[in-house]
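Each chain, written out:
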Amino acid sequence: MELYNTLTHKIEEFIPHTPEVVKMYTCGPTVYHYAHIGNLRTYISEDVLEKALKYMGYYVQRAMNITDVGHLTSDSDSGTDKMVDSAQKEQKTVLEIAKFYTDAFFDDCKALNIRKPDVISKATENIDFYIEIILTLLQKGYAYESNGNIYFDITKLEDYYKLTNHKADEMVVGVREGVEEDTGKRNQADFVLWFTKSKFEDQELKWNSPFGVGYPGWHIECTGISIKNLGEFLDIHCGGIDNIFPHHTNEIAQSESYLGHKWCNYWFHAQHLNVKDAKMSKSQGNIITVSTLKEEGFNPLSYRYMCLNSHYRKILEFTFDSLKSSETAYLKLLNRISMIKEEGDFQDSAFNDYNEKFMTALKDDLNTANALTVLYDLLKDETINGYTKLKLIRSFDKVLGLDLISKFAGELHPQHDEIMALIEKRAEFKEEHKFTEADGIRNELAARGIELVDTREGTIYNLKEVD
Ligand code: AMP
Ligand code: ZN
């Protein structure tokens, strides 16, 4: 598989440390607000990458962090503590807020068919290990104490900026949303490993450490969680493009200084989702969530389809009009597939040809738009029978994750009649503009793992796994 590697700034053949095994790390969400569909575009790209690697035959082990305390979201000791702000606003404890938005994040992932990584670890669960890393960095002379905080000294490294390729434009965008840069350090780019002197006196979460009572900086959580769960050699590290600097740059600095060798060979970065030429972000006030999509009557998978039609390294401009077009195309696709009759004998070589084409598209720096073109070519191909087509579509969907084939295709759900009656009732409610009642039916069925998909030809249902 060929992938663009931010570290070498070029497309390269992907070769993991251990043949056939891929260790993959993903920067997870901050959980003091809902994820927006920009964040989720990045998670969709990473999900497709994981599934494509598995499709190629790799065994993928993947870990992700949950940034569950607001003050871990920057190097800065200024501004306000996002987690405490959110807790006060919603009259909940910090941990309640974290749990609420973590659950909401995974609900969104589920709606978008984003698989949960094998290991999910909260930033707050690994404090002892961060302390161990920081102690080693102090011992090795990479870290220093100033104003009660422990900093990493970037001048100790010759190639600190290797991930950014010294591109100033990439280096100014990296501070996590709504936070300011810290000024109490030797060099401007030095970053905090541990805070003991904090203006956040009212925060709930602090830990004892050899450096004093306090809390870790933002970047150390990913280094800690990755090394702890995936070992000293990481194959692919993923994130949105805004994470290149300083977050991933700092992860490399502290991880390699701690380990004493190169840490991760491939860096995968997904481009942003924009709204009117600006990155979708909370601070821009232009965010759209999965709930918004649902409220506007969209199937969340239409958004996944829209993302797959663009390349992960290209900016995707979001408009509701373009989502509407994607939804139309997606539902048309589902309908076309639902009309295929599962008949004929298995066409071995045709299966292999199409499968090869599909993999070739994915191997070309994860070209999902071309992979979808292979699917459309297959649908058009009259020389392939329904049985072989459905087998291929089922197979492609392992990567695409578009619920292309209802799990009950060819057989009726045991409660089919009841479901159809409810679908009819919902249509009546919609006709009468009783949207709350109509949504009630959708939600009732969703709770039973039955997802409704509205198409021009009427509503069909798909089955989803329920927890
Ligand atoms: P955060 O919770 O802010 O750390 O963001 C979670 C992930 O979403 C990170 O990998 C970010 O790089 C990514 N991200 C943030 N904004 C966008 C956007 N507008 N489009 C795509 N990805 C984004
Ligand atoms: Zn990270």
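Here's a quick rundown of the structure. Note that this is a predicted model, so its numbers are computed, not measured.

It is worth spelling out the sheet that holds strand β11 (residues 264-270) at this point. Spatially, β5-β4-β3-β10-β11 is the arrangement adopted by the five strands of the open sheet, whose pairing is parallel. Edge strands, defined here as strands with exactly one partner in the open sheet, are β5 (119-122) and β11. Here the strands of the sheet are splayed against their neighbours by 20 degrees on average, with no regard to which way each runs.

Turning to the environment of Lys185, a few remarks are in order. Along the chain, the position of Lys185 falls in the loop between α5 (168-171) and β8 (191-195). Under the relative-accessibility criterion, Lys185 is labelled buried at 12%. Separated by 38 residues in sequence, Lys185 and Asn147 place their C-alpha atoms 8.4 Å apart. In this view, Lys185 contacts Tyr144, Tyr151 and Asp190; residues no more than four positions away in its chain are not counted. A distance of 2.9 Å separates a polar side-chain atom of Lys185 from the backbone oxygen of Asp190.

For the rest of this paragraph, the subject is the nonpolar core. Residues Leu49, Leu53, Ile236, Tyr303, Ile393, Phe396 and Leu404 are the most contacted members of the largest nonpolar core, which totals 134 residues. Considering each element in turn, this core owes the most residues, nine residues, to helix α1 (residues 37-55). When residues of this core are assigned to domains, at least three fall in each of domain 1 (2-279) and domain 2 (319-465).

To continue, consider helix α6 (residues 220-230). α6 sits mainly inside the fold: nine of its eleven residues count as buried. The positive-phi residue at the C-terminal boundary of α6 is Gly231, with phi of around 90 degrees.

Two strands in a sheet stick together by hydrogen bonds in their backbones, pointing the same way (parallel) or opposite ways (antiparallel). Judged by pairing direction, the sheet is mixed, and its three strands sit side by side in the order β13-β12-β14 without closing on themselves. The sheet is open, and its two edges are formed by β13 (278-279) and β14 (316-317), each paired on a single side.

Another point: the packing of aromatic side chains. Two measures describe an aromatic ring pair: the distance that separates the ring centres and the angle between the ring planes. Summed over the entire model, instances satisfying the criterion amount to 26 aromatic pairs. A centroid spacing of 4.9 Å and a plane angle of 90 degrees characterise the contact between Phe100 and Tyr101, whose relative ring orientation is edge-to-face. For Phe100, a relative accessible area of 33% translates into the label partly exposed. Residues Phe358 and Phe396 carry aromatic rings whose centres are separated by 4.0 Å and whose planes lie at 10 degrees to one another, so their mutual orientation is stacked. Placement of the pair is Phe358 in helix α11 (residues 348-363) and Phe396 in helix α13 (residues 386-400), with a sequence separation of 38 residues. Taken as a pair, Phe358 and Phe396 share a single burial class, namely buried. Taken together through their ring pairs, the aromatic side chains of Phe298, Tyr303, Phe318 and Phe320 make up a single cluster. Between the NZ or CZ atom of Lys92 and the centre of the ring of Phe100, over which it lies, the distance is 4.3 Å. One residue, Lys391, lies across the ring of Phe346, its end atom 5.6 Å from the ring centre.

This paragraph deals with the coordination of the zinc ion (ligand 2). Coordination sphere of the zinc ion (ligand 2), protein contribution only: Cys27 (SG), Cys222 (SG) and His247 (NE2), at 2.0 to 2.1 Å. Sequence spacing of the donor residues for the zinc ion (ligand 2), all on one chain, is C-x194-C-x24-H. Of this pair, Cys27 sits in the loop between β3 (21-26) and α1 while His247 sits in helix α7 (residues 244-259), placing them 220 residues apart in sequence.

Turning to the pairing of strand β7 (residues 149-152), a few remarks are in order. Covered by surrounding structure in β7 are Asn149 and Tyr151 together with Ile150 and Phe152, the residues of both alternating faces. Both strand β6 (residues 143-146) and β7 contribute to a ladder of four bridges, which runs antiparallel. Following the sheet pairing, Glu145 is matched in β7 by Ile150. Once β6 ends, the chain turns through two residues before running back antiparallel as β7, passing Asn147 with a positive phi of about 55 degrees. Relative to β8, β7 runs antiparallel, the two being bridged by three bridges. Pairing of Ile150 across the sheet is with Trp194, part of β8.

What counts, and at which threshold
Residues numbered from 1 in each chain as written. Chains lettered and ligands numbered in written order. Predicted model: local features only at pLDDT ≥ 70, side-chain atom pairs only at ≥ 80, totals over all residues. Heavy atoms only, no water. Pairing = 2+ DSSP bridges. Helix = DSSP H or I, 4+ residues; strand = E, 2+ residues; numbered from the N terminus. Axes fitted to C-alpha atoms, helices over the stretch in contact; angles between N-to-C directions. Buried < 20%, exposed > 50% of the residue type's maximum accessible area, 1.4 Å probe, protein only. Contact = heavy atoms within 4.5 Å. Polar contact = N/O pair within 3.5 Å; in protein donor to acceptor, adjacent residues only side chain to side chain. Core = buried A, V, L, I, M, F, W, Y, C linked by side-chain atoms within 4.5 Å. Domains from an automatic or database assignment. Phe/Tyr/Trp six-rings, centres within 6.5 Å; stacked < 30°, edge-to-face > 60°. Lys NZ or Arg CZ within 6 Å of the ring centre and 35° of its normal. Donors = N, O, S within 2.8 Å, 3.2 Å for Na, K, Ca; no water.

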